[in-house]
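Residue strings, one per chain:
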4 protein chains.
Amino acid sequence: MNEDSKTELTIRQHRGARRRAKTRADLLAAARKVFAKKGYHDASILDITEAADVGVGTFYLHFADKDEAFNTLIDEVFHILEEQVITEVRSHEAITLTVTVHSIFRHAYAQRDLFSIALASGAQVSRTIRVEDTIAGGLIRVFEQVPQPEDLQGYDIQLLARLVTGVIAQGIIWWFDQDEPGPEEMANNVLALLAHGLPASLFTHNN
Amino acid sequence: MNEDSKTELTIRQHRGARRRAKTRADLLAAARKVFAKKGYHDASILDITEAADVGVGTFYLHFADKDEAFNTLIDEVFHILEEQVITEVRSHEAITLTVTVHSIFRHAYAQRDLFSIALASGAQVSRTIRVEDTIAGGLIRVFEQVPQPEDLQGYDIQLLARLVTGVIAQGIIWWFDQDEPGPEEMANNVLALLAHGLPASLFTHNN
Amino acid sequence: MNEDSKTELTIRQHRGARRRAKTRADLLAAARKVFAKKGYHDASILDITEAADVGVGTFYLHFADKDEAFNTLIDEVFHILEEQVITEVRSHEAITLTVTVHSIFRHAYAQRDLFSIALASGAQVSRTIRVEDTIAGGLIRVFEQVPQPEDLQGYDIQLLARLVTGVIAQGIIWWFDQDEPGPEEMANNVLALLAHGLPASLFTHNN
Amino acid sequence: MNEDSKTELTIRQHRGARRRAKTRADLLAAARKVFAKKGYHDASILDITEAADVGVGTFYLHFADKDEAFNTLIDEVFHILEEQVITEVRSHEAITLTVTVHSIFRHAYAQRDLFSIALASGAQVSRTIRVEDTIAGGLIRVFEQVPQPEDLQGYDIQLLARLVTGVIAQGIIWWFDQDEPGPEEMANNVLALLAHGLPASLFTHNN
DNA sequence: AATGAATGAGACTTCATTCAT
DNA sequence: GATGAATGAAGTCTCATTCAT
C-alpha cells in the first residue's frame, strides 16, 4: 500500500464517518420532532425514519432501540443544560439558587419541546435517568455549598431537593400547553415562592 | 306472574347483579395491581384479566377499553380523595393549607400505589383528567378563601397553584420508590417549605 | 295423582307450550328483521335476542345456532311459498308458467325482505338449501307436465330450469333496492322475456 | 455518487421491487384459492398468508384489509373480462348478443373459480362493485346499439338487462358445482333461451 | 453504511355458546 | 323455560426488529 492509497483510505473513512454522523444527527433531530409531537409511546420507529428521510433499517445502525434513541436525546440535552448552567453559575461570584434557577429555566425554555416530553414520559421509559434526578442532583450541589450549613439543619436534603425539583418541573410542564410567561418571569415566580413561601394567612385561622 | 315468582325473579336479578358487581370489583382491583406494577402502557388486558382470574372477554363486559378501566380507577380514588379532604377540612374551623396538605398526604399515602402511577402515567392516557388538575383545583379553592386576599396580590393564582401542586406531587412520587417518611412528616416537610421558603443564604452571596 | 292435578298439569303444559311457541315466534320475527337489516353475517345472536326482547340464552333453547334460525326462517317462507303457489296454480285449469311465475312474484314481493336476503346470503350459509334450488325444483315440475313433451326435447331440463330461475331470482333481487315495478308487472316483464326471447335484431348483423 | 453506484442503486431498487411484486402476486394467487375454497367470509387473513407462504404482517404491506384484497382480485379479473370481451366483440362486424354472450362465458369459464365466488359473495363485501352491475352495464351497451331501436320499445332496458344478467350469472354459478357443459355449449343454451324463449305450450292451457 | 421487504409475536376485540341460578 | 354473566377461541392488525441485497 502506497502513501496515496493510505491518504485516500483516510479520506474515505472521514467521508464515511462524516456521513454516518450526519445520518445520526438527522435521526436525532427527527426523533426529537416526533417525540415532541406524538409523545414517547405513540412515536414509532417508522415515524422517526420517515421524518429523517432514511430507511427503517438505518435506525438500527445507530440505536439499539427506541429507548436508546430517547435516552440519547435526553442525555444530550441534559449534558448541555448541565454544562451551560455550570458555566453560567461559575461566571457569578457565588453559586446561588437565584442564578441556578434562572439558568435552568432559561435553558429549559429554549428546549421546552423536549423537556416537557421528557417530564411527561419519563416514567414510561425503562432505563431513563429520570429528568428529575438530574435537576435534583444539581440542586443538592447548590445546597451543599450553602455558606451557613446550619441553615439547612433539620432538613432532609434529598427530599428537599426533590420537592424543589417538583416546583421547577411543574414550571417547565406549564410550558407544555402555553408559552407564557417567559423564562425570566417564570424563574421569578418560582424564586418568590421558594424564598418567602406562601402568605402566612393561608396557614392559620382567619378570625 | 304471582307474588312468589316475582320474589324469585328479584332474588335472581340480585344474584346476577351481585356476581356482576363482584367481577367488576375484582377487575378493578386487578387493574390497580397491574397498573401499579407495570405502568399504564405495559399493562395488557390479558395481564388484568389473569390477575382478576376471569376470562379475557369478561373485561369488555365491564369496560370499553384499557383507558376506561384506568380512568374509572383514577376517578374512583379521586372522588374519595376529594370527599375525604373536603370532609376533613370542614371539620376544622377554617380551611387552611395546613389541614389541606395533611389531608391530601394522608389519603395519598394510603393509596400511594395508584397515586404514583396516576402521576407518572397521566400524560399518556388520552381522556384522563390529569391528577395534577384536581390537586391544583383544590388548592385554588383554598387560595380563594384566604382571609386577606391582598396577601396574594401580584401572584398568578393559576401558576402558583400549579407550582405548589408540583411540590405535593413530588412528595407523592417520592413514595413510588420508598415508604419513608410517612404522610404526617411528609406534610410537615412540604408545609415548612411552603410556609417559610428556603434559607435566605441560598439566594445571596456568601462573602 | 288425581284428576284435578292431571288437568292442571295439562293446562300448565299447554301454557308452557303456548309460551314456548310465542317466544319462538318472537325470535323468528326478530331474526327476520335483523337479517333483513344487517345481512346474514353481520347479524349477531345478541342482535336477534335484543330485538326479540328475550335473554341471549333463550335463543339456544329454540335453535342450535344462527344457521338453524336462518334456515328455519327460509324454510318456513318457502313452505308457505310452495303451498301458496301450488294452491294457486291448482285453482287454474292447467299448470302453466304464466300462472306459476305470477304466483311466485306475488308471494316473493310480499316477503321481499327475506327473499332478497336469502338470495344474497344463500351461498354464505353452509347447510342452507339454496333458495334457487327450490325455485328450480318447482320449475322442473312445471316443465315435466308440459302437454307436448317433445317441445322440450334437446333441452337440458336441469340447466334450463336453472337459467329461468336466474331470471326470476334477479327479478326478486331487483326489489332489494327498489319497490317498483310491483309483482304483476315484474311477472309480465319476465314472462315476456321467457315467452318470446329478445328481439332478433340483437342477435344478428345489422347491415 | 458516481455512475457505478447509480447503476447499483437502480439494480437494488429493481430487485426490491421485483421481490415485492412477486410477494403481492403470491398473495393474490393465494387469496383467490382461499376465497374460492372457503368463500369470502370464512377466509381468514391467516389462511391467505399461509397459502402464500408469507408472514401475516406481509399481507398488510400489500393490502389494507381483506376487502381490499378481494376487490383487487375481482377488479383485476373484471378488467381483463371487459377488455377481452370488448376486443373480441370488436373483431366482429357487429356487436351482437351472440358474440357477447359467447365471449363472456368463454372468459368466465376460464376464471370460474373467482367468478362463482364473486357472484356468490358479492353482496357480502361492502365496497365491491357488484359483478352483476358490470355484466348488466355491458348488456345495456349492446342493447343501445341495436339496429332497430323500436324493437326494444316498451321494455324497461335497465330491468331487462338485469334479467338477462340473471340468466348469464346463473350459467356461471352452475359451474360452481360442475364443469359441464363447457362455455360454448353453455352460451348456446343461454342464447337459445334468450332468442326464442320457452315453448309456447308452457304458457298455455293444455286441452 | 444504507435500504426496505418481510417477519411474527403480541395486543385488542368480538361473539357464539355455556351454565349456574 | 328463561336468563344473562362469563368464557375463550379466533380473527384483525401493528410495529419493533432482522437480513438479503
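Residues numbered from 1 in each chain as written. Chains lettered and ligands numbered in written order. Predicted model: local features only at pLDDT ≥ 70, side-chain atom pairs only at ≥ 80, totals over all residues. Heavy atoms only, no water.

A. Summary view of the overall build of chain A. Each helix and strand counted, chain A has nine helices and zero strands in total. Listing each helix as α and each strand as β along chain A from the N terminus yields α-α-α-α-α-α-α-α-α. Looking at chain A as a whole, 49% of its 207 residues qualify as buried. Long-range contacts, defined here as pairs at least 24 residues apart, represent 64% of the contacts in chain A between residues at least 6 apart. (Helix = DSSP H or I, 4+ residues; strand = E, 2+ residues; numbered from the N terminus. Buried < 20%, exposed > 50% of the residue type's maximum accessible area, 1.4 Å probe, protein only. Contact = heavy atoms within 4.5 Å.)

B. Focus on the relation of the copies chain A and chain B. Note on the identical chains: chain A maps onto chain B by a rotation of 179° and an axial translation of 0.0 Å, with an RMSD of 0.4 Å. Put plainly, the chains are arranged around a two-fold axis. In this assembly, 98% of the residues forming the interface of chain A have copies in chain B that are likewise at the interface, indicating an isologous arrangement. (Least-squares fit on C-alpha atoms with pLDDT ≥ 70 in both.)

C. Spatial organisation of the side chain of lysine 66 of chain D. All names here are of chain D. Checked against the element boundaries, lysine 66 lands in helix H4 (residues 66–90). Of the side chains with opposite charge, aspartate 67 lies nearest to the buried lysine 66, which makes no salt bridge, at 7.2 Å. Setting aside anything within four residues of it in sequence, one finds lysine 66 in contact with Phe35, Tyr40, His41, Ala43, Ile45 and Phe59. (Lys, Arg positive; Asp, Glu negative; His and termini not counted. Salt bridge = Lys/Arg side-chain N within 4 Å of Asp/Glu carboxyl O.)

D. Local environment of helix H5 (residues 97–110) of chain C. Residue and element names in this part refer to chain C. Helix length check: H5, at 14 residues, gives a terminal C-alpha distance of 20 Å against a target of 20 Å (1.5 Å per residue), a fit within 8%. Buried residues dominate H5, accounting for eleven of its 14 residues. Listed in full, the buried residues belonging to H5 are Leu97, Val99, Thr100, Val101, His102, Ser103, Ile104, Phe105, His107, Ala108 and Tyr109. (Expected span 1.5 Å × (residues − 1).)

E. Just the interface of chain D and chain C, in detail. In this assembly, 50 residues from chain D lie in contact with 49 residues from chain C. Buried surface at the junction of chain D and chain C, summed over both partners, amounts to about 4,600 Å²; 68% is from carbon and sulfur atoms. Linking chain D with chain C are zero salt bridges. In this assembly, chain D and chain C are joined by ten residue pairs in polar contact (both at pLDDT 80 or more). A total of twelve residues in the side of chain D that touches chain C trace back to one element, the largest contributor, which is helix H8 (residues 157–177) of chain D. (Buried area = accessible area lost by both parts, 1.4 Å probe. Polar contact = N/O pair within 3.5 Å; in protein donor to acceptor, adjacent residues only side chain to side chain.)

F. Region of the structure containing the packing of helix H4 (residues 66–90) of chain B against helix H5 (residues 97–110) of chain B. All names here are of chain B. Where H4 meets H5, the axes come as close as 9 Å, and the angle between the chain directions of the two elements is 145°. Remark: the crossing between H4 and H5 carries right-handed chirality. Side by side, H4 and H5 meet where Val77, Ile80, Leu81, Gln84, Val85, Glu88 and Val89 of the first sit next to Val99, Thr100, Ser103, Ile104, Arg106 and His107 of the second. The class makeup of the residues in the contact of H4 with H5 is seven nonpolar, four polar and two charged. (Axes fitted to C-alpha atoms, helices over the stretch in contact; angles between N-to-C directions. Left-handed = near helix turned anticlockwise from the far one by under 90°. Nonpolar A, V, L, I, M, F, W, Y, C, P; charged D, E, K, R; others polar.)

G. Molecular detail of the pattern of salt bridges. One pass over the structure, following the stated rule, counts 32 salt bridges over all chains. Across the pair arginine 112 of chain C and aspartate 179 of chain C runs a salt bridge whose closest N-O atoms are separated by 3.2 Å. Residue arginine 112 of chain C is located in helix H6 (residues 112–121), and its partner aspartate 179 of chain C is located in the loop between helix H8 (157–177) and helix H9 (183–196); the two are separated by 67 residues in the primary sequence. Here glutamate 184 of chain D and arginine 106 of chain D are joined by a salt bridge, their closest N and O atoms 2.8 Å apart. Taken together, the positions of glutamate 184 of chain D in helix H9 (residues 183–196) and arginine 106 of chain D in helix H5 (residues 97–110) put the pair 78 residues apart, joining distant regions of the chain. Ionic contacts of the salt-bridge type, sharing partners, join the residues Glu88, Arg106 and Glu184 of chain A into one network.

H. Main features of the environment of phenylalanine 115 of chain C. Residues and elements named next belong to chain C. Inspection of the secondary structure assignment puts phenylalanine 115 in helix H6. When the C-alpha atoms of phenylalanine 115 and valine 131 are compared, they prove to be 8.4 Å apart, with 16 residues separating the residues in sequence. If near-sequence neighbours (up to four positions away) are discounted, phenylalanine 115 is found in contact with Val77, Phe78, Leu81, His107, Ala108 and Ile172.

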